[in-house]
Each structure stands twice: as structure tokens, then as C-alpha cells.
Amino acid sequence: MKDKNFGEEQGYFGDFGGRYAPEILTDALIQLEKVYLKLRNNPKFVKELNYYNQNYVGRPSLLTFAERLTKAWGGARIWLKREDLNHTGAHKINNTVGQALLTRAMGKKRIIAETGAGQHGLATATVGALFDMETVIYMGAEDVRRQELNVYKIKLLGAKVVPVTSGTATLKDATSEAMREWALSVANTHYIVGSAIGPHPFPTIVRDFQSIIGKETKEQFKKKTKKLPDAVIACVGGGSNAIGMFYGFLKDKKVKLYGVEAGGLGNKPGEHSATITFGRPGFLHGTKTLIIQDAGGQIVPAHSVSAGLDYPGVGPEHAYLASTKRVEYVSVNDKEALASFVEVSRLEGIIPALETAHAFSAAKKLAKEMGKKKDLVICLSGRGDKDSMEVSRLLGDK
Ligand SMILES: *Cc1c(COP(=O)(O)O)cnc(C)c1O
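The structure reproduced in this document is the subject of the present report.

Along the protein chain, the regular secondary structure elements total 16 helices and 14 strands. Relative to the globule expectation of 21 Å for 398 residues, the C-alpha radius of gyration of the protein chain, 19 Å, shows essentially globular dimensions. Its C-alpha atoms give the protein chain principal-axis dimensions of about 55 × 45 × 45 Å. Sequence-distant contacts, at least 24 apart, represent 73% of the contacts inside the protein chain between residues at least 6 apart. For the protein chain, the computed accessible surface area is about 16400 Å², with 53% contributed by carbon and sulfur atoms.

All right, on to the site of the ligand then. In the vicinity of the ligand, 16 residues are found, and the nearest of them are Lys 92, Ser 195, Gly 237, Gly 239 and Ser 240. The separation between an oxygen atom of the ligand and a polar side-chain atom of His 91 is 3.0 Å. Contact distances for the ligand include 2.7 Å between an oxygen atom and a backbone N or O atom of Gly 237. Compared with its free state, where it exposes 380 Å², the ligand has 96% of that area covered by protein. With respect to the pocket detection grid, the ligand is positioned in the largest cavity. Within the shell around the ligand, the residues separate by chemical class into three nonpolar, eleven polar and two charged. When residues are assigned to domains, the shell around the ligand turns out to be shared by domain 1 (9-52 + 92-206) and domain 2 (60-89 + 210-395), each giving three or more.

To continue, consider the sheet that holds strand 13 (residues 327-333). If you trace the six strands from one edge of the open sheet to the other, you get 3-4-14-9-10-13, paired in mixed fashion. One side of each edge strand has no neighbouring strand; the edge strands of this open sheet are strand 3 (63-65) and strand 13. Taking the axes of each pair of neighbouring strands and ignoring which way they run, one obtains an average angle of 25 degrees across the sheet. Where strand 4 (residues 77-82) meets strand 14 (residues 375-380), six bridges bridge the pair, whose relative direction is parallel. The residue bridging Lys 81 from the neighbouring strand is Cys 379, located in strand 14. Strand contacts of helix 14 (residues 334-348): strand 10 (256-264) and strand 13, with the helix running at about 85 degrees to strand 13, the strand carrying the most contacts.

Here the focus is the layout of surface pockets. Within this model, the largest pocket holds a volume of roughly 560 Å³. For the largest pocket, the lining is made up of 22 residues, of which Leu 49, Asn 50, Asp 208, Ile 212 and Lys 215 are closest to its centre. When residues of the lining of the largest pocket are traced back to their parent elements, those giving at least two are helix 2 (43-57), helix 9 (202-210) and helix 10 (212-225). A total of six residues in the lining of the largest pocket trace back to one element, the largest contributor, which is helix 2. In this structure, the lining of the largest pocket is formed jointly by two domains, domain 1 (9-52 + 92-206) and domain 2 (60-89 + 210-395), each of which donates at least three residues.

Here we come to empty space enclosed by the protein. Scanning the entire structure with this criterion turns up three cavities of 30 Å³ or more. What lines the largest cavity is a set of 30 residues, among which His 91, Lys 92, Ser 240, Gly 308 and Glu 355 lie closest to the centre. Contributions of two or more residues to the lining of the largest cavity are made by strand 5 (110-115), helix 5 (119-130) and helix 11 (240-246). Considered class by class, the residues forming the lining of the largest cavity number eight nonpolar, 17 polar and five charged.

Oppositely charged side chains may form a pair once their charged atoms are brought near each other. Scanning the entire structure with this criterion turns up 27 salt bridges. One salt bridge in this structure joins Asp 84 and Arg 82, with 2.9 Å as the shortest N-O distance. The pair Asp 84 / Arg 82 is uniform in exposure class, with both members buried. The partner of Arg 207 in a salt bridge is Glu 317, with the nearest N and O atoms 3.2 Å apart. Linking Arg 207 in helix 9 with Glu 317 in helix 13 (residues 316-323), this pair joins segments that are 110 residues apart in sequence. Neither residue differs from the other here; Arg 207 and Glu 317 are each classed as buried.

Time to look at the pairing of strand 6 (residues 134-140). The buried fraction of strand 6 is high, at six of seven residues. Direction of pairing for strand 5 relative to strand 6: parallel, over a ladder of six bridges. If you follow Arg 110 over to strand 6, its bridge partner there is Glu 134. The parallel pair strand 5 and strand 6, bridged by helix 5, forms a crossover whose chirality is right-handed.

So, how was this worked out
- Residues numbered from 1 in each chain as written.
- Predicted model: local features only at pLDDT ≥ 70, side-chain atom pairs only at ≥ 80, totals over all residues.
- Heavy atoms only, no water.
- Helix = DSSP H or I, 4+ residues; strand = E, 2+ residues; numbered from the N terminus.
- Rg over C-alpha atoms; globule rule 2.2 N^0.38 Å.
- Contact = heavy atoms within 4.5 Å.
- Areas by Shrake-Rupley, 256 points an atom, 1.4 Å probe, with all protein chains shown as cover.
- Near = heavy atom within 4 Å.
- Polar contact = N/O pair within 3.5 Å; in protein donor to acceptor, adjacent residues only side chain to side chain.
- 1 Å grid on protein atoms, 1.4 Å probe; cavity = no way out; pocket = protein on both sides within 12 Å on 5 of 7 lines; lining within 4 Å.
- Sits in = over half its atoms within 2 Å of the grid points.
- Nonpolar A, V, L, I, M, F, W, Y, C, P; charged D, E, K, R; others polar.
- Domains from an automatic or database assignment.
- Pairing = 2+ DSSP bridges.
- Axes fitted to C-alpha atoms, helices over the stretch in contact; angles between N-to-C directions.
- Points joined across faces, edges and corners; volume = space filled by probe spheres on them.
- Salt bridge = Lys/Arg side-chain N within 4 Å of Asp/Glu carboxyl O.
- Buried < 20%, exposed > 50% of the residue type's maximum accessible area, 1.4 Å probe, protein only.
- Right-handed = clockwise from strand over helix to strand, strands pointing away.

What follows is the structure, given as C-alpha cells:
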């Protein structure tokens with residue numbers, strides 16, 4: 001359904017999205033939307049963003065053929081889009097650089113952010129240092145424990161970390177706390193939302209800054225093979241690396257798109273973070289989307305071995321793309337993801353993030369189904385240094 005009152009500019013993706021924020025934040029969201037709409041095609045802004053992407057983030061990131069994975073899996077040719085090679089080790093920096101430039105354009109000097117695995121906190125603290133902005137990161141106390149290394153790095157970069165102990169002390173709670181804090185400090189503070197979630201205009205802004213992933217992939221793949229890939233796959237937490245990868249391919253109907261959610265420990269409520277597979281429409285953090293909830297509409301805590309996928313909602317554009325069936329969403333459980341974490345490390349010499357390991361696990365099955373002579377691109381959203389201690393605790397010294 002698309003009409004003038006229901007288009008993307010109003011923040012709707014079909015029936016999903018919108019701006020369901022407390023009144024105190026509405027002015028800031030409208031200001032952000034105005035500034036963004038003015039700047040997004042402004043040549044000076046685009047030039048500046050390109051400058052930082054090339055000279056700080058390290059773009060374009062590589063697209064590499066994975067010879068050993070292709071051989072071992074015995075199916076489609078496997079290609080890796082190497083977002084793990086970006087400065088700070090994941091795709092998150094694509095968005096924080098863009099939003100830091102918007103913060104500066106709004107004349108604000110302070111930034112806050114939520115973080116799960118700590119990658120978004122790290123990427124935000126990094127631009128806080130680069131652009132000289134006071135930075136505060138909200139992080140669930142459970143994730144502070146799971147992601148000690150990133151917590152130290154965030155502090156080293158000069159940012160403050162606030163552990164959040166409410167709820168399950170993970171990403172949802174950190175996001176709620178950051179939104180609450182933003183309502184109190186909105187006059188001088190910008191909230192750099194880290195995924196394609198939250199009230200309009202965040203899902204659109206985050207998607208646009210991440211869409212460089214798919215845009216580069218398409219160009220690089222065409223240059224190497226003179227065609228488009230047959231399928232593209234990415235893991236989905238809030239959905240920013242996935243929508244960034246998919247966006248440039250949405251109109252290429254021949255390219256199959258797959259999103260991979262965290263299946264956790266099992267299919268019962270509380271055991272997983274497979275929002276699209278098991279969720280129902282509802283409202284969370286200012287947007288209408290699919291949510292893992294009980295019969296009474298209460299949010300059920302999510303679980304995943306990977307802190308970055310541990311979220312009971314999903315970006316509204318993914319809810320929409322699932323409803324139109326343009327993207328197929330599958331899930332991978334904790335055990336399968338851990339096995340892929342080890343397999344990819346040994347076969348390619350690349351330690352993937354635990355989040356990304358979910359995409360690899362689903363890709364392994366898919367590659368076999370696709371068969372030889374087909375091409376499958378995996379979004380390698382980040383590197384697994386941050387997860388190595390936790391995995392060694394879970395698996396032992398194998
Ligand atoms: C944060 C993170 C994710 C999950 O977030 P999305 O918004 O769904 O991309 C996936 N991979 C890595 C490496 C991350 O840091």
C-alpha cells in the first residue's frame with residue numbers, strides 16, 4: 001500500500017514504521033528530519049561524508065572470493081563483503097560518521113548511544129573523539145560483562161559508559177534508557193541510534209548511511225564477474241547491516257535476499273531473538289514493527305549468544321520486506337552460530353563476529369541448495385575479536 005500520506009517520507013514502510021515518540025522528542029525528530037532532507041543530496045555534505053568514508057573508515061571495503069569456504073561447502077561460489085575491515089571492525093562506523101556530521105550541522109555538541117555487543121558504542125565513542133563531542137554510551141549490565149574489551153576501548157576513547165540494570169540488562173533496556181535520557185537532554189544532545197530502528201526518521205537515515213555496503217557490493221561484483229550475484233545474505237539484529245546490503249538490490253528481482261535472525265536456544269518465547277519468524281505487530285522504541293510479545297502485548301525478553309542480535313524488535317523496513325516476501329528470513333541457533341564462528345576462522349583465516357557467524361551458518365545450507373555455478377554474497381558485518389573471550393568460555397580451548 002502506497003499513497004501520499006503513507007510513503008517513506010512520512011516514515012512508513014507499508015504498514016510499519018512511523019513516529020510514535022513521546023511529545024518531548026517530537027520537535028527534535030522533526031528537526032533531524034528537516035536537516036537530513038536538506039543535507040542528504042547537498043554536494044558539500046556528500047563530499048564530506050565521502051571524505052571520511054575514504055580517509056577514516058577505509059572505504060570501499062573489499063569484496064573477496066572465499067575459495068576455501070566455496071570448496072568446503074561444495075555449492076555456490078562464496079563472496080565476502082568485508083565490513084570487518086572498516087576502522088573499529090564492523091559496519092557500525094558507516095552510520096556513526098554520517099550521524100556525527102548531522103549532529104554538527106544541528107549545532108549540537110553532545111552525543112549519546114545505546115549499545116549491545118559494544119560495536120555501536122565503540123563506533124560512537126570513536127566519532128565522539130574525532131569530532132570532539134562529549135559522548136555517553138548506555139549498555140546493559142549483562143553486555144558490560146560479556147563485552148569487557150569494548151567497554152574498555154569506549155572508555156579509552158574518552159566516552160562515559162552507563163551500565164543499565166533494568167529488565168534483562170541487555171540491548172532493549174539500554175535503548176529504553178538512552179531514549180529516556182535523550183528526552184531530558186535533547187536541547188544540546190543528539191541520540192545516534194545504532195540500527196535501522198526507532199521512530200522516524202532514524203530507520204531511513206541509518207539505512208541510507210549503511211546503503212553504501214550494497215552499492216559498493218553491486219559495483220565490485222559487476223566489475224569482477226560482469227553480472228549480479230544470485231543471492232545475498234546478512235544477519236539481522238535491528239537490521240542495519242542487512243538493510244544496508246539489501247537496499248541497492250531491492251529492485252533487482254532476480255537477486256534473492258536472505259536475512260538471518262538469532263534462533264537462540266529454541267523456539268519457545270524467551271529462548272530466541274527471531275523477531276520476524278515469531279513476532280507480531282506492535283510498538284517498540286517509537287516504531288510500529290514486529291515484536292516478540294506475549295498474548296497480552298508484553299515484550300518477551302530476547303535471547304541470543306550474540307549480544308548484537310539480542311533484541312526483541314526489528315527495523316520496520318524489514319517487517320515490511322518480510323510482508324511483501326521480497327526478503328526471506330530464516331533463523332540460526334546459538335550452537336550453529338558457534339560452530340560457524342570456528343569453521344570460518346579455520347577455513348578462511350577470518351574470525352567473524354558472532355552476529356556474522358549466524359549469516360555464515362545459514363549461507364552454508366543455502367550454498368548447497370543453490371548448487372555450483374551460482375554466486376552467493378555474505379555480508380561480513382564485523383570481526384570477532386570482541387567475542388573471542390566469550391566463545392572460549394563457552395566452548396573451552398578447542
Ligand atoms: C551490531 C552488529 C550486528 C547487528 O546489528 P544490525 O543493525 O542488525 O546490523 C551485526 N553484526 C555486527 C558485527 C554488529 O556489530
